[in-house]
Amino acid sequence: MKAAIDEIILNDDFFELEVKSWKRNFIQRSATGLDGQVNIDLGLRGRKLVQKGELRGNSRAEVQRKINEMNGLVDGKLHNLKCPDGRIFGELVIEEFQAGTIVNSGAHLSCKYHITYRQQV
């Protein structure tokens, strides 16, 4: 299985994925005459995922096409990430996509990328 966001295949079997823990939100209130605080649990609010890797192609135009496809996914909609090891992360909003400089690396061209996701509950 290749790494893919929705149906866009990244052709990147060796990417690094950092999955942070789920985050809970609380409201804390205190009142005059009461000792301590009242905590109101607002529940889970999501978690952050950070993916780093390399986009590869046979030409500069192919790598640029992949960069443009990824930039098009920063749209506020929910996406799915499929990993080569079989893990699937759903309900992801892509907060940020950064692509580095396209470099010639032997038989192909490549550029490093960095994607920040927020997984919704």
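Heads up: these notes are all about the structure in this document. (Residues numbered from 1 in each chain as written. Predicted model: local features only at pLDDT ≥ 70, side-chain atom pairs only at ≥ 80, totals over all residues. Heavy atoms only, no water.)

Next up on the list: the overall build of the chain. Looking only at helices and strands, the chain has one helix and nine strands in total. Element order for the chain, N to C, with α for helix and β for strand: β-β-β-β-β-α-β-β-β-β. At 19 Å, the chain has a C-alpha radius of gyration far larger than the 14 Å of a compact globule built from 121 residues. Viewed in the frame of its principal axes, the chain has a C-alpha envelope of about 75 × 30 × 20 Å. (Helix = DSSP H or I, 4+ residues; strand = E, 2+ residues; numbered from the N terminus. Rg over C-alpha atoms; globule rule 2.2 N^0.38 Å.)

This paragraph deals with unusual backbone geometry. A positive phi is found at Asp 6, a non-glycine position, where the angle reads about 55°. Following the sequence through the fold, Asp 6 ends up in the loop between strand E1 (4–5) and strand E2 (8–9). Despite not being glycine, Glu 91 shows a phi value in the positive range, around 60°. Within the secondary structure layout, Glu 91 lies in strand E7 (residues 88–99).

Let us now look at a nonpolar patch on the surface. A cluster of nonpolar side chains, Trp 22, Leu 44 and Val 121, forms an exposed patch at the surface whose accessible area comes to about 290 Å². Tracing the sequence through the fold places Leu 44 in strand E5 (residues 38–57). (Patch = residues over 30% accessible without salt bridge, like charges linked within 9 Å, V, L, I, M, F, W, Y side chains within 5 Å. Areas by Shrake-Rupley, 256 points an atom, 1.4 Å probe, with all protein chains shown as cover. Salt bridge = Lys/Arg side-chain N within 4 Å of Asp/Glu carboxyl O.)

Once that is clear, we can look at the environment of Lys 66. For Lys 66, the location among the structural elements is in helix H1 (residues 60–72). Sequence separation between Lys 66 and Ile 9 is 57 residues; the distance between their C-alpha atoms is 9.2 Å.

Following the criterion strictly, the structure yields eight salt bridges and no others. As a salt-bridge pair, Lys 82 and Glu 7 come within 4.0 Å of each other at their nearest N and O atoms. One end of the pair, Lys 82, is in strand E6 (residues 78–82); the other, Glu 7, is in the loop between E1 and E2, with 75 residues separating them in the sequence. For Glu 69, the salt bridge is made with Arg 65, and the minimal N-O distance between the two is 3.3 Å.

Here the focus is the nonpolar core. Ranked by internal contacts, the top residues of the largest apolar core, which has 24 residues, are Ile 5, Leu 81, Ile 115 and Tyr 117. Those elements that place two or more of their residues in this core are E5, H1, E7 and strand E9 (108–119). It is E9 that provides the largest number of residues to this core, a total of five residues. The contact partners of Ile 5, leaving out residues within four places of it in the chain, are Leu 10, Gln 51, Met 70, Leu 73, His 79, Asn 80, Leu 81, Ile 94, Ile 115 and Tyr 117. (Core = buried A, V, L, I, M, F, W, Y, C linked by side-chain atoms within 4.5 Å. Buried < 20%, exposed > 50% of the residue type's maximum accessible area, 1.4 Å probe, protein only. Contact = heavy atoms within 4.5 Å.)

Where strand E3 (residues 16–19) and E5 come together, four bridges link them in antiparallel fashion. The residue bridging Leu 17 from the neighbouring strand is Gln 51, located in E5. Note: strand E4 (residues 23–29) against E5, seven bridges, orientation antiparallel. Residue Ile 27 lies in a different strand from E5, and its bridge partner there is Ile 40. Note that E5 and E9 share 11 bridges and pair antiparallel. Bridge pairing in E9 places Gln 51 opposite Ile 115. (Pairing = 2+ DSSP bridges.)

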